[in-house]
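Working through the structure, step by step
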Amino acid sequence: MKLAGKTAVVTGAASGIGKSIAQTLAAEGAAVAIADLNPAGASAVAKEIQAAGGKALGIAMDVTSEEAVNAGIRQVADTWGTIDILVSNAGIQIVNPIQDYKSPIGRRCSRSILTARS
Ligand SMILES: NC(=O)c1ccc[n+]([C@@H]2O[C@H](COP(=O)([O-])OP(=O)(O)OC[C@H]3O[C@@H](n4cnc5c(N)ncnc54)[C@H](O)[C@@H]3O)[C@@H](O)[C@H]2O)c1
């Protein structure tokens, strides 16, 4: 196992790509925080990982809220001491004509840095 003793936070990990990343990290021995807007989904994925023999923690986190991000990261740090890996997977997908990509996308993209900064 390449990641034994490491800790990871994966945002948007209650489903889809983030869930697969979290399961892969856990299978390699990392303790993984499943951080998601959907706390029930995050908890369910954490339980699946635990049932498979891995270490995981479900965390309620809206990555667009600085307060929620700081609280979630603090919870992980308090539980496991350190955070070695951050997968900032939760994001946005906007399909629009190019002329509409102005300030709204700048504002939304800036939100994806909150987890890294925290
Ligand atoms: N699947 C694709 O082909 C594709 C292509 C390009 C980009 N993306 C991007 O990759 C990311 C993951 O895609 P996916 O297909 O796994 O999506 P998905 O909808 O299956 O999963 C997204 C997860 O993120 C969570 N989430 C949404 N907003 C959140 C927020 N503000 N804070 C925390 N969690 C939040 C959702 O609850 C969900 O569990 C998305 O940002 C998506 O826009 C996906």
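Provided above is the structure to which this section pertains.
None of the values given here were measured: they were computed from a predicted structure.

**Looking at helix 2 (residues 39-51)**
Between the first and last C-alpha of helix 2 there are 18 Å, a value that for 13 residues agrees with the 18 Å anticipated at 1.5 Å per step. Those residues of helix 2 not exposed but buried are Ala42, Val45, Ala46 and Ile49. Looking straight down helix 2, one finds its buried side chains confined to an arc of 100°; they lie on one side. Summarising the geometry of helix 2, the exposed residues directed more than 90 degrees from the buried face are Ala40 and Ala51. The secondary structure elements touched by the buried residues of helix 2 are helix 1 (16-27), strand 2 (31-36) and strand 3 (55-60). Trailing helix 2 by a residue or two, Gly53 shows a phi angle of about 100°, which is positive.

**Concerning the site of the ligand**
Gly12, Gly16, Ile17, Gly91 and Gln93 are the nearest of the 20 residues found near the ligand. Sorting elements by how many residues they give to the shell around the ligand places helix 1 first, with three residues. Broken down by class, the residue content of the shell around the ligand amounts to seven nonpolar, eleven polar and two charged.

**Focus on the environment of Gly72**
Along the chain, Gly72 falls in helix 3 (residues 66-80). A tally of 24 C-beta atoms within 10 Å means that Gly72 is categorised as buried. Gly72 sits 14 residues away from Gly58 along the chain, and the two C-alpha atoms are 9.8 Å apart. For Gly72, the residues in contact, after removing those within four places along its chain, are Ala35, Ile59 and Met61.

**Let's talk about the nonpolar core**
Among soluble globular proteins, nonpolar side chains are generally buried collectively. Val10, Ala22, Val32, Ala33, Ile34 and Ala35 are the most contacted members of the largest nonpolar core, which has 28 residues in total. Listed by contribution, the elements that provide at least two residues to this core are strand 1 (7-11), helix 1, strand 2, helix 2, strand 3 and helix 3. No other element matches the five residues that strand 2 contributes to this core. Setting aside anything within four residues of it in sequence, one finds Val10 in contact with Gly18, Ile21, Ala22, Leu25, Val32, Ile34, Ala35, Val87 and Asn89.

**A closer look at the sheet that holds strand 1**
In space, the four strands of this open sheet follow the order 3-2-1-4, with parallel pairing throughout. Of all the strands in the sheet, just strand 3 and strand 4 (85-87) have a single pairing partner and so form its edges. Shown here is a sheet whose adjacent strand axes are inclined to one another by a mean of 15°, direction ignored. Helix 1 rests against strand 1, strand 2, strand 3 and strand 4 of the sheet, and its axis sits at about 170° to strand 1. Where helix 2 meets the sheet, it contacts strand 2 and strand 3, and its direction lies at approximately 180° from that of strand 3.

About the criteria used
- Residues numbered from 1 in each chain as written.
- Predicted model: local features only at pLDDT ≥ 70, side-chain atom pairs only at ≥ 80, totals over all residues.
- Helix = DSSP H or I, 4+ residues; strand = E, 2+ residues; numbered from the N terminus.
- Expected span 1.5 Å × (residues − 1).
- Buried ≥ 20, exposed ≤ 12 C-beta atoms within 10 Å, placed from the backbone.
- Arc of directions from axis to C-beta.
- Contact = placed C-beta atoms within 7 Å.
- Near = placed C-beta within 6 Å.
- Nonpolar A, V, L, I, M, F, W, Y, C, P; charged D, E, K, R; others polar.
- Core = buried A, V, L, I, M, F, W, Y, C linked by C-beta atoms within 7 Å.
- Pairing = 2+ DSSP bridges.
- Axes fitted to C-alpha atoms, helices over the stretch in contact; angles between N-to-C directions.

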